[in-house]
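The chain contents come next:
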Amino acid sequence: MSSEKTNQSWGGRFSEPVDAFVARFTASVDFDKRLYRHDILGSQAHARMLTQAGVLSEAERDAIVAGLDEIRGEIEAGTFEWRVDLEDVHMNIEARLTERLGVVGKKLHTGRSRNDQVATDIRLWLRDEIDAILAELDRLQAGLLQLAETEADTIMPGFTHLQTAQPVTFGHHLLAWFEMLSRDHERLVDCRKRVNRMPLGSAALAGTTYPIQRQVTCELLGFEAIGGNSLDGVSDRDFAIEFCAAASLAMMHLSRFSEELVLWTSAQFQFIDLPDRFCTGSSIMPQKKNPDVPELVRGKTGRVFGALTGLLTLMKGQPLAYNKDNQEDKEPLFDAADTLRDSLRAFADMVPAIKPKREIMREAARRGFSTATDLADYLVRKGLPFRDCHEIVGHAVKYGVDSGKDLAEMSLEELRRFSDQIEQDVFAVLTLEGSVNARDHIGGTAPAQVRAAVQRGRALLARR
Ligand code: ARG
């Protein structure tokens, strides 16, 4: 059978064309075409290097570089015809280059393979994605600092087991999210270092016989280092797994944050209001205003965990070096990056618009014996051992539950029934302000500490 009916890139040794369904089944162009910009960048750097290596003439290089620029223009104008029979983004672009340039186009693939090409493309693509994600993280963190500063004095109940525990400031609570996101930022910056290593030059698996100069492509493409082993270069997807792991942690944080926003906007809490533009209504219950953005982010978290599990499973059974299995790396990776980026964007837009309902938060902190620990600490300062103080306050709380009184609402006589060490000065520690102000150390909830932490946070963002 003539080779025209077989694939033009590798049809030479085939005697019949690929089955039509198999061609669709094995093709990746539907999803990997989004790598086109990075594929073209990689090819242009490769062509430039081949000229320095004496493999391509300067005229051939210039034709290839210009031709690829024009192909990018066609893709962006929507006039490029993506062909499933050409399998993937790499062969689609190369075939079009050959269509435009003739024999010169066919020289581009000298000294490389799709195996190192695709590994290079994904790394270049992911590097850009990480940068965009880091920018959204910055924006969200700056918004949290702003809100934390405004709400440094706002008192709310702090919870353990979702039971009122001790009063905290809302600013302090917001800064807990800031801390988590700072760790996410660190992880992504660290992951980026390992993303930014160059597999190009590994060729199919063993390197190439051409006198390639990998340092040249490395510099042209802005990679930090050259992959040190060609077999590893074409088959390593650790960087994608690592990204999905960092993305999973970040999504887990956003999901917890979402859960709190859902609780706080509910009629049962009413701690905050989200502006209408971040919510939707119900088609049958006119009173509803649903916190859709947080709920959706919480729900989307599962996709990113799925991507991580999918990629780990994809890799675990693969012998060296490249296997077609690796084509399955792209969809989960793309989806994880898109999901994290969009979720961060939604949060960065939404967080500065959170409207706290300060009176309701304060009332909730006042109820629930949130200053019980403060009373115990007060008795410790009067010389009693902490365990006895715990017991004494426990009795006072029981009395409060039975009589419907909060600790601060009891008279001095009532309080002295539990310990004669209690004096008039107790009321200063039973107030909410007294309670939060007393936790005045690095990492504590006192308003002064919140303001100091906001300053530290701003300095951190400025150093990035
Ligand atoms: N579409 C392929 C992928 O995504 C490109 C590399 C193909 N290499 C090969 N030898 N079939 O992994």
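In this report, we go over the structure that sits alongside the text. (Residues numbered from 1 in each chain as written. Predicted model: local features only at pLDDT ≥ 70, side-chain atom pairs only at ≥ 80, totals over all residues. Heavy atoms only, no water.)

With respect to the site of the ligand
Taken together, Ser28, Asp32, Asp88, His90, Arg114, Asn115, Val118, Tyr322, Gln327 and Lys330 are the residues near the ligand. Taking Ser28, its side chain carries an N or O atom lying 3.1 Å from a nitrogen atom of the ligand. At 2.8 Å, a side-chain N or O of Gln327 approaches a nitrogen atom of the ligand. Starting from 350 Å² of accessible surface for the ligand in isolation, the protein chains cover 86%. Put simply, the ligand lies in the largest pocket. When residues of the shell around the ligand are assigned to their parent elements, the largest contribution, three residues, is made by helix H6 (residues 114-150). (Near = heavy atom within 4 Å. Polar contact = N/O pair within 3.5 Å; in protein donor to acceptor, adjacent residues only side chain to side chain. Areas by Shrake-Rupley, 256 points an atom, 1.4 Å probe, with all protein chains shown as cover. 1 Å grid on protein atoms, 1.4 Å probe; cavity = no way out; pocket = protein on both sides within 12 Å on 5 of 7 lines; lining within 4 Å. Sits in = over half its atoms within 2 Å of the grid points. Helix = DSSP H or I, 4+ residues; strand = E, 2+ residues; numbered from the N terminus.)

With respect to the layout of surface pockets
Taken as a whole, the largest pocket spans an internal volume of roughly 580 Å³. If you trace the largest pocket, you find 22 residues lining it, with Ser9, Met91, Glu94, His109 and Arg114 closest to the centre. Secondary-structure elements contributing two or more residues to the lining of the largest pocket are helix H5 (89-101) and H6. In terms of residues, the lining of the largest pocket owes the most to one element, H5, which gives five residues. Considering only residue class, the lining of the largest pocket consists of five nonpolar, nine polar and eight charged. (Points joined across faces, edges and corners; volume = space filled by probe spheres on them. Nonpolar A, V, L, I, M, F, W, Y, C, P; charged D, E, K, R; others polar.)

Structural notes on the environment of Asp30
Turning to its location among the elements, Asp30 is positioned in helix H2 (residues 29-32). Asp30 sits 54 residues away from Val84 along the chain, and the two C-alpha atoms are 7.7 Å apart.

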